[in-house]
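Structural overview for review
Each chain, letter by letter, is given below.
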Amino acid sequence: MNQHRDQRSLDEIRPITIETGLQKYAAASVFWSQGDTRVLTAITVEDGVPSFLRDSGQGWLTAEYALLPASTLTRSDREATKGKQSGRTVEIQRLIGRSLRQAVDLELLGEHTIKIDCEVIQADGGTRTAAISSAWLALALAVRKLHWNPNIIKNRIAAISVGIIDGEVALDLEYTEDSNADVDMNVVMTGSGHFVEIQGTGEHSDFSPEQLSELLSMAQKGIHDIFTIEDDFFNRLPE
């Protein structure tokens, strides 16, 4: 394997397209397509905070994540019909929440709660990382639309998947690669190059310290590419 199955080079992210404004009642919404993975992310702002923050003067941010029924090859039942969320869903929405709380100055936010809803319209690998990247963009757009203090955004945040397939490190895996990877990793980083979260698993083999370093370097390159795409998006926005 010297390239991805879709003919990309191993260090190349999938094509990303960004649409906004699909949900008029949201503070901001982003439809993020990364290859064949598509995520609709919306921001809602509510007055008040959870009880553990009441009268603290500090805000809060939380996230929800869901796979829509026809987003995968075989239909996934809505979790609401089962009466509970899967462990995977809970894990992912906690990851999104933790990651995006690193983006926000909660004290400047005041006693407001930001709710991020990420709906996976189509899943082809990297849904959690696409959700995180789209959530930061939607959050930045919401702050702009609401005319909030821009310093509420204290960090840029983006995420990407990397893995080892047939002994080679590859960036931004699609589903057939991800499901067969020897090592699977999700990396969340800030715009200053610091790590927020690293989730790495030897699915079919272990991996060396040297391979770990290569995986993280590849992820850093992919996240830089995402920031470049977002910069181009912002440069095209009207004043």
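As a reminder, the structure under discussion sits directly above these lines.
Residues numbered from 1 in each chain as written. Predicted model: local features only at pLDDT ≥ 70, side-chain atom pairs only at ≥ 80, totals over all residues. Heavy atoms only, no water.

**Looking at the environment of Gly97**
We count it as follows: Every helix listed is a DSSP run of H or I at least four residues long, and every strand listed is a run of E at least two residues long, numbered separately from the N terminus. Partly exposed residues are those whose accessible area sits between 20% and 50% of the maximum for their type, while under 20% is buried and over 50% is exposed, using a 1.4 Å probe and protein chains only. The contact criterion used throughout is that any non-hydrogen atoms of two residues lie within 4.5 Å.
Mapped onto the elements of the fold, Gly97 is located in helix H2 (residues 87-101). On the basis of relative accessible area, Gly97 is assigned to the buried category, the value being 2%. For Gly97 and Lys115, which are 18 residues apart along the polypeptide, the C-alpha to C-alpha distance reads 9.0 Å. Discounting chain neighbours no more than four positions away, the residues touching Gly97 are Leu61 and Ala63.

**Overview of the sheet that holds strand E5 (residues 112-122)**
Short version of the rule: DSSP calls a pair of strands paired once it identifies at least 2 bridges connecting them. With axes taken as lines fitted to C-alpha atoms, and helix axes fitted only over the stretch in contact, angles between N-to-C directions fall between 0 and 180 degrees.
As summarised here, the arrangement of the five strands in space is E1-E2-E3-E5-E4, forming an open sheet in which the pairing is mixed. Here the strands that pair on one side only, and so sit at the sheet edges, are strand E1 (16-20) and strand E4 (60-67). Between one strand and the next, the sheet's axes are offset by a mean angle of 20 degrees, whatever the strand orientation. Of the pairings in the sheet, the one linking strand E3 (residues 37-47) to E5 comprises ten bridges and is antiparallel in character. By the bridge assignment, Ile43 is partnered in E5 with Ile116. Contacts from H2 reach E4 and E5 within the one sheet, and its direction differs from that of E4 by about 145 degrees. Contacting E1 and strand E2 (28-34), helix H6 (residues 209-235) crosses the sheet at an angle of about 40 degrees to E1.

**Here we look at the packing of aromatic side chains**
Just so we agree on the cut-off: When the centres of two rings from Phe, Tyr and Trp lie within 6.5 Å, Trp using its six-membered ring, the rings pair. Their planes under 30 degrees apart give stacked, over 60 give edge-to-face, and anything left gives tilted.
Tallying each qualifying case throughout the model produces three aromatic pairs. Seen in terms of ring centroids, Trp136 and Phe234 are 6.2 Å apart; in terms of plane orientation they differ by 85 degrees. Their pairing is edge-to-face. Residue Trp136 is located in helix H4 (residues 127-145), and its partner Phe234 is located in helix H6; the two are separated by 98 residues in the primary sequence. Using a relative accessible area of 5% as the deciding quantity, one classes Trp136 as buried. An angle of 70 degrees between the planes, with centres 5.6 Å apart, marks the rings of Phe233 and Phe234 as edge-to-face. For Phe233, a relative accessible area of 6% corresponds to the buried category. Residue Phe234 is classed as partly exposed on the basis of its relative accessible area, which comes to 22%. Among the aromatic side chains, those forming a connected cluster through ring pairs are Trp136, Phe233 and Phe234.

**Comments concerning the sheet that holds strand E7 (residues 168-171)**
Reading across from one edge, E7-E6-E8-E9 is the order of the four strands in this open sheet, with antiparallel pairing throughout. Single-partner strands in this sheet number two, and they are E7 and strand E9 (195-202). Pairs of neighbouring strands in the sheet enclose a mean axial angle of 20 degrees, with direction left out of account. As defined by bridge partners, strand E6 (residues 157-165) adjoins strand E8 (residues 183-190) across eight bridges and the pair is classed as antiparallel. By the bridge assignment, Ala158 is partnered in E8 with Met189. Where H2 meets the sheet, its contacts fall on E6, E8 and E9, and the angle it forms with E9 comes to roughly 150 degrees. Most of the contacts of H4 go to E6, to which it runs at about 160 degrees, and overall it touches E6, E8 and E9.

**Description of the side chain of Ser133**
Note the threshold: Polar contact criterion, stated in full: a pair of N or O atoms within 3.5 Å, where within protein one must be able to donate a hydrogen and the other to accept it, and residues adjacent in sequence count only if both atoms are side-chain atoms.
In this fold, Ser133 is placed in helix H4. Within polar-contact distance, the side chain of Ser133 engages the backbone nitrogen of Ala159 at 3.1 Å. Setting aside chain neighbours within four positions, we find Ser133 in contact with Trp32, Ala158, Ala159, Ile226 and Glu230.

**Digging into unusual backbone geometry**
Among all residues save glycine, negative phi is the norm, and among peptide bonds the norm is trans. Even without glycine at this site, Asp166 takes up a positive phi of about 50 degrees. The residue Asp166 is located in the loop between E6 and E7 in this model. Accessibility expressed as a relative area gives 60% for Asp166, which makes it exposed.

**Observations concerning the pattern of salt bridges**
Applicable threshold: A side-chain nitrogen of Lys or Arg and a carboxyl oxygen of Asp or Glu constitute a salt bridge if their distance falls within 4 Å.
Taken as a whole, this structure holds eleven salt bridges when the rule is applied. Among the ionic pairs, Asp225 bridges to Lys221, the shortest N-O distance being 2.8 Å. Of the two residues, Asp225 and Lys221 are both situated in helix H6; the distance of four residues between them amounts to about one turn of the helix. On the basis of relative accessible area, Lys221 is assigned to the partly exposed category, the value being 33%.

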